[in-house]
Amino acid sequence: MLKNFYADAYFNNITDISPDYLKSKGIKGIILDIDNTLIGHNVPMPDEKILTHLRYLESEGLKLCVVSNNKYERVKSFSEKIGVTYFVHDALKPRARGYNLASQEMGLSMESIAAVGDQIFTDVWGARRAGCFAILTKPLHKGGEGFLIAIKRILEKPFIDKERT
C-alpha cells in the first residue's frame, strides 16, 4: 500500500522531462495536472518555457491530456488556452476515474501513460491506483495554497525525502 505514495520518477519541473526518457519507458501519452505543475496558484497561463515544452512533447508524438479536480469551465478554458485537445474535469483525484477517462480520450492503455503532478496524495496516488507511470515534480510555487494543501505538503515530505536520497 505505501508503494502507491512513491512516484516512479522525480523531476524538478515538467520541462526537465524529455520525450526520449518517456519513450524509453513505453510512454505515448501524458496526463497533466494544472495547479503548481503547469502554473502557480492564481497564474492564468504557464510561462513560455512550459508552453514551448508542451508543444515539443506533442511534436515528438506524445498525446497530452489535462486532468484536474477543477470544474468544467476552468479546465476547458485552461486546456484551450494552452492548446491541449483532451481534458478531464472533476476528476476526483486520487480516484482512478479521471485517469480512466483520460486513457479513453487519448485512446491509450494505462501502461502507456505517464501522469505528471506536484502532489503525492492526489497526483501520484491516483496515477499509481490507475496503473499509470507516476511522475512527481516540485511545486511551481509554494505558499498561498491553503491550509489543507500545506498540511499535505508536510505529510508528503517523508515520501519525497526517502526516494530522492
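Residues numbered from 1 in each chain as written. Predicted model: local features only at pLDDT ≥ 70, side-chain atom pairs only at ≥ 80, totals over all residues. Heavy atoms only, no water.

**A word on the packing of aromatic side chains**
As a reminder of what qualifies: Two aromatic rings from Phe, Tyr or Trp, using only the six-membered ring of Trp, form a pair when their centres are within 6.5 Å; if the ring planes differ by under 30 degrees the pair is stacked, by over 60 it is edge-to-face, and anything between is tilted. Secondary structure elements follow DSSP: runs of H or I no shorter than four residues count as helices, runs of E no shorter than two count as strands, and numbering proceeds from the N terminus. Partly exposed describes any residue whose relative accessible area lies between the buried limit of under 20% and the exposed limit of over 50%, with all areas from a 1.4 Å probe on protein chains only and scaled to the type maximum. Charge-over-ring placement is defined geometrically: NZ (Lys) or CZ (Arg) within 6 Å of the ring centre, and within 35 degrees of the ring normal.
The final tally for this structure, using the stated rule, is 5 aromatic pairs. On the basis of an interplanar angle of 75° and a centroid distance of 5.3 Å, the ring pair of Phe11 and Tyr21 is categorised as edge-to-face. Within this pair, whereas Phe11 is found in strand E1 (residues 9-11), its partner Tyr21 is found in helix H1 (residues 19-24), the two being separated by 10 residues in sequence. Owing to a relative accessible area of 17%, Phe11 belongs among the buried residues under this scheme. Here Tyr21 falls in the partly exposed class, since its relative accessible area comes to 24%. Members of the aromatic cluster, joined through ring pairs, are Phe5, Phe121 and Trp125. Over the ring of Trp125 we find Arg129; its NZ or CZ atom is 5.0 Å from the centre of that ring.

**Some thoughts on the sheet that holds strand E5 (residues 113-117)**
The pairing of strands in a sheet happens through backbone hydrogen bonds and is either parallel or antiparallel. Note the threshold: At least two DSSP bridges between two strands are needed for those strands to be called paired. The convention used is that axes are lines fitted to C-alpha atoms, helices contributing only their stretch in contact, and that angles between N-to-C directions extend from 0 to 180 degrees. Should any heavy atoms of two residues lie within 4.5 Å, those residues are considered in contact.
Strand order in this open sheet of 6 strands is E1-E6-E5-E2-E3-E4, and the pairing throughout is parallel. On the outer flanks of this sheet lie E1 and strand E4 (86-88), each paired with one strand and no other. Going from strand to strand, the sheet's axes swing by 25° on average, the running direction of each strand aside. Pairing analysis gives 4 bridges linking strand E2 (residues 29-32) to strand E3 (residues 63-67), with the strands arranged parallel. Bridged to Ile31 within E3 is Cys65. Contacting E2, E3, E4 and E5, helix H4 (residues 97-106) crosses the sheet at an angle of about 150° to E3. Contacts between helix H5 (residues 120-130) and the sheet are confined to E5 and strand E6 (133-137), with E6 contributing the most and set at about 160° to the helix.

**Focus: the pairing of E2**
Our working definition: With strands facing away from the observer, any crossover in which the path from the first strand over the helix to the second runs clockwise is taken as right-handed.
By the alternation rule, side chains of E2 split into Gly29 and Ile31 and Ile30 and Leu32, which are all buried. Viewed along the sheet, the connection from E2 through helix H2 (residues 48-59) into E3 turns out right-handed.

**Brief notes about H2**
Residues that lie three or four places apart on an α-helix share one face, since the helix turns once every 3.6 residues. Under the convention used in this document: Helices are assigned an expected span. That span is 1.5 Å times one less than the residue count. To obtain the arc, one takes the directions from the helix axis to the C-beta atoms.
With 12 residues, H2 ought to run about 16 Å at 1.5 Å a step, and its terminal C-alpha atoms sit 16 Å apart, in line with that. For H2, the complete set of buried residues consists of Ile50, Leu51, His53, Leu54 and Leu57. Take H2 and look down its axis: the buried residues cluster within an arc of 160°, on one side only. Away from its buried face, by an angle of more than 90 degrees, H2 presents the exposed residues Glu48, Lys49 and Ser59.

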